[in-house]
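A closer look at the structure
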Amino acid sequence: MSCATVTILYPSGSDIHFDMSYYLSSHMPMLLKSWKSYGLTNYTVSKPAEGPYVCICYLNFSSFEGFKNASEGPERKAIREDVQNYTNSKVVLVPAEVVGSV
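One structure accompanies this document, and this report is about it. (Residues numbered from 1 in each chain as written. Predicted model: local features only at pLDDT ≥ 70, side-chain atom pairs only at ≥ 80, totals over all residues. Heavy atoms only, no water.)

Bringing the packing of aromatic side chains into the picture now. By convention here, two paired aromatic rings are described through the distance between centres and the angle between planes. Evaluated as defined, the whole model comprises ten aromatic pairs. Between tyrosine 10 and phenylalanine 18, the ring centres sit 5.1 Å apart and the planes meet at 65°, which makes this aromatic pair edge-to-face. Residues tyrosine 10 and phenylalanine 18 agree in their burial class; the two are buried. Three or more aromatic residues link up through ring pairs in this structure, and these residues are Tyr10, Phe18, Tyr22, Tyr23 and Tyr86. (Phe/Tyr/Trp six-rings, centres within 6.5 Å; stacked < 30°, edge-to-face > 60°. Buried < 20%, exposed > 50% of the residue type's maximum accessible area, 1.4 Å probe, protein only.)

Shown next, in the form of structure tokens:
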């Protein structure tokens, strides 16, 4: 069983708002608390200097199966509903099995 990284991309645009303060102080702690039992070990949030994204987040899970279970769990609804509290950007999820790292 290998670990997984889920990349969450938030596309930018002239009509897009993103409340980074809310994201870091409320949404991400809720997500960590909700998904820790599924194997979410940590996360990294990046604010690109430029480019097509307003925010990029990396979720690290101890297993790909753990991510699948988290994304299908009952906590999913509250996490998805909270998105409207910090952005109107269309969330893009890129789940991946980690096949190498240093």
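With antiparallel pairing, the four strands of this open sheet are ordered in space as E2-E3-E1-E4. Bordering the open sheet on either side are strand E2 (40–46) and strand E4 (92–97), each of which pairs with just one other strand. Strand-to-strand twist in this sheet, taken as the mean axis angle between neighbours without regard to direction, amounts to 15°. In this sheet, strand E3 (residues 53–61) lies alongside E2 in antiparallel orientation, the contact comprising six bridges. Its bridge partner being in E3, valine 45 is matched across the sheet by cysteine 57. Set on the sheet, helix H1 (residues 20–35) makes contact with strand E1 (4–11), E2 and E3; between it and E2 the angle comes to about 165°. (Pairing = 2+ DSSP bridges. Helix = DSSP H or I, 4+ residues; strand = E, 2+ residues; numbered from the N terminus. Axes fitted to C-alpha atoms, helices over the stretch in contact; angles between N-to-C directions. Contact = heavy atoms within 4.5 Å.)

All chains considered together, the criterion is met by one salt bridge. Between lysine 77 and glutamate 81 there is a salt bridge, and its shortest N-O distance comes to 3.7 Å. Here glutamate 81 and lysine 77 lie together in helix H3 (residues 76–82), a separation of four residues that amounts to about one turn. (Salt bridge = Lys/Arg side-chain N within 4 Å of Asp/Glu carboxyl O.)

On to the layout of surface pockets, then. In this structure, the largest pocket occupies an estimated 350 Å³ of space. Lining the largest pocket are 16 residues; nearest its centre among them are Ile79, Arg80, Val83, Val91 and Leu93. Within the residue set of the lining of the largest pocket, elements represented by two or more residues are E1, H1, helix H2 (64–72) and H3. Tallied by class, the residues present in the lining of the largest pocket amount to twelve nonpolar, two polar and two charged. (1 Å grid on protein atoms, 1.4 Å probe; cavity = no way out; pocket = protein on both sides within 12 Å on 5 of 7 lines; lining within 4 Å. Points joined across faces, edges and corners; volume = space filled by probe spheres on them. Nonpolar A, V, L, I, M, F, W, Y, C, P; charged D, E, K, R; others polar.)

By themselves, these figures tell us nothing about what the structure is for.
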